[in-house]
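Breakdown of the fold
Each chain, written out:
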Amino acid sequence: MIENEMRLERQHMVLDTFVRTEPEQWRDNFLSMAGHELRTPLTVLKLQTQYLNKHLTRQGLYDCVAILAQMEVQIQKLERLNRDLLNVSNMQTGRLEYVQESVDLNKVLRESAEVMHQMHSRHTIVVRGAATTYLIGDKDRLGQVFINLLSNAIKYSPLADTVEVDIHSSAEAITISVRDYGIGIPQEQREHIFERFYRAVDPSTKAFSGLGIGLYLVAEIIKHHGGMITVESAMGKGSTFHVALPLTRQRELGEREYPADTKARSHTA
Amino acid sequence: MNKHILVVDDDAQMQSMLQVVLESEAYVVDTASDGLIALDKLMHQQAMPGVILLDMHMPRLDGLQLIEALRQHEEAWLDSIIVISEDMNALQQASRLGVRCCLAKPFELETLLELVFNCRESGRG
């Protein structure tokens, strides 16, 4: 098994409260401004493509509809990037809102895998196992976690064709692992990859584009849910991100149980 | 039934696209590129439009100021206003003032059409 061939090195990450330096504050303000400015052009693009899609479908011009569908996928990518940028900026000021609801993580995971597969059809995303219980948390934010982990797994494994995801639950926690067979993360960089704006790959090489916010966002969302993320990696073999989300958080905090359709909003501390 | 819609937005592309998608659904669309033009049109019109799609950040008279002006004139008009904005604070403020509903950018075409339809169905139009 490939699992046995990999010399896996485990590193636990401790996520500290972030103190902003002046350049970081400037960068956050810029992200917030840019994020808001992008929303109107994004809305116009969405309206244009969806309007065309509707009318070309009515006219039976399916070749054009297929190209439009590809445009819509690209717009969805921009939308997600835009949302991540604004989320990062809001996290810094404690303005990111979280919903509390009963979440079926199996469903969220499969939907995320489906979305990523539509965008990157060359990779097969294999989902194994299932959680046997609901989790109290924010469904959309947890979806963001899966999308970002899957997106990274695909991006950093350009020569592979499979990403493996395992989901299991115990009495205490739901655990999810996302494994890729990609380039791996150097040992000395592993403790930094969850930091804001940190890029494990030298940006000047331009081989892998990115802003260094995806894993930061992932780690912060998991932290908000009382969970933990760790990474194992072997250079040239691939990386596995392990997420553990506790099930006891709700009881520990003395919160009442929320039915699936009830939502309560909370802000980050 | 009132098929008239007033689109108030200073972004020419946004205004034009909203007009195109609404006209394709057989609505009659008028436009205004800021709150002052919109207010002038509303005050001199024989009948109120069934729906007002209102942007928040505009020169001269912005969305919140227009809502305030309309509220002072005739509070029931606020029930025809759908606010569209990328600014969550502005959306919350508009919601507190009592507009019909708020739509955060970016949104889906079908969501917009559904809101406009429902607003007209249950409105005074």
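Refer to the structure printed above.
Just so we're clear, the structure is a prediction, and the values are computed from it rather than from any experiment.

1. Section: the overall build of chain B
A tally of regular secondary structure across chain B gives five helices and five strands. Along its sequence from the N terminus, chain B presents helices and strands in the succession β-α-β-α-β-α-β-α-β-α. Taking 2.2 N^0.38 as the reference for a compact globule, 125 residues should give roughly 14 Å; the C-alpha atoms of chain B span a radius of gyration of 13 Å, in line with that estimate. Each principal axis of the C-alpha distribution contributes one length, and for chain B these read about 30 × 30 × 25 Å. Relative to its 125 residues, chain B shows a buried fraction of 50%. Expressed as a percentage of contacts within chain B between residues at least 6 apart in sequence, the contacts between residues at least 24 apart total 61%. Surface exposure of chain B reaches about 5,700 Å², of which carbon and sulfur atoms provide 47%. Here chain B holds 9 positive side-chain charges and 20 negative ones, and the gap between their average locations is 5 Å.

2. Digging into the pairing of strand 5 (residues 101-104) of chain B
Residues and elements named next belong to chain B. Side chains of strand 5 alternate between two faces, with Cys101 and Leu103 buried and Cys102 and Ala104 left unburied. Relative to strand 5, strand 4 (residues 81-85) runs parallel, the two being bridged by four bridges. Pairing of isoleucine 84 across the sheet is with leucine 103, part of strand 5. This β-α-β element, strand 4 to helix 4 (residues 88-97) to strand 5, shows right-handed connectivity.

3. Considering the nonpolar core
Across soluble globular proteins, you tend to see nonpolar side chains buried next to one another. All names here are of chain A. In terms of nonpolar packing, the biggest core is built from 49 residues, with Leu105, Leu149, Ile176, Ile229 and Phe241 touching the most fellow members. By residue number, the principal contributor to this core is helix 5 (residues 139-155), which donates eight residues. Apart from the residues within four sequence positions on either side, phenylalanine 241 is in contact with Leu149, Ile176, Ser177, Val178, Ile185, Ile193, Phe194, Leu215, Ile229, Thr230 and Val231.

Basis of the calculations
- Along each chain, the written sequence defines residue order, and numbers are assigned to residues from 1.
- Throughout, the order in which chains and ligands are written sets their labels, letters from A for the former and numbers from 1 for the latter.
- Reporting in this predicted model follows two pLDDT cut-offs: at least 70 for local features of residues, and 80 or more for side-chain atom pairs to be given and counted; totals over whole chains, interfaces and linings ignore these cut-offs and use all residues.
- In computing side-chain values, all of the structure's heavy atoms are included and hydrogens and water are not.
- Numbering of helices and strands runs from the N terminus; a helix is a DSSP stretch of H or I covering at least four residues, while a strand is a stretch of E covering at least two.
- The globule rule used for comparison is 2.2 Å times the number of residues to the exponent 0.38, while the radius of gyration itself is calculated over C-alpha atoms.
- Summary of the burial criterion: residues with accessible area below 20% of their type's maximum are buried, those above 50% are exposed, and those between are partly exposed, where the area comes from a 1.4 Å probe applied to protein chains only.
- Any two residues having at least one pair of non-hydrogen atoms within 4.5 Å are treated as being in contact.
- Only the protein chains shown count as covering a residue, and every accessible area follows the Shrake-Rupley method with a 1.4 Å probe.
- We treat Lys and Arg as the positive residues and Asp and Glu as the negative residues; His and chain ends play no part in the count.
- The atoms used to mark charge sites are NZ of Lys, CZ of Arg, CG of Asp and CD of Glu.
- Pairing between strands is defined by DSSP: at least two bridges between them are needed.
- By convention a crossover is right-handed if, when the strands point away from the viewer, the path from the first strand over the helix to the second runs clockwise.
- Take the buried Ala, Val, Leu, Ile, Met, Phe, Trp, Tyr and Cys residues and link them wherever side-chain atoms come within 4.5 Å; each set so joined is a nonpolar core.

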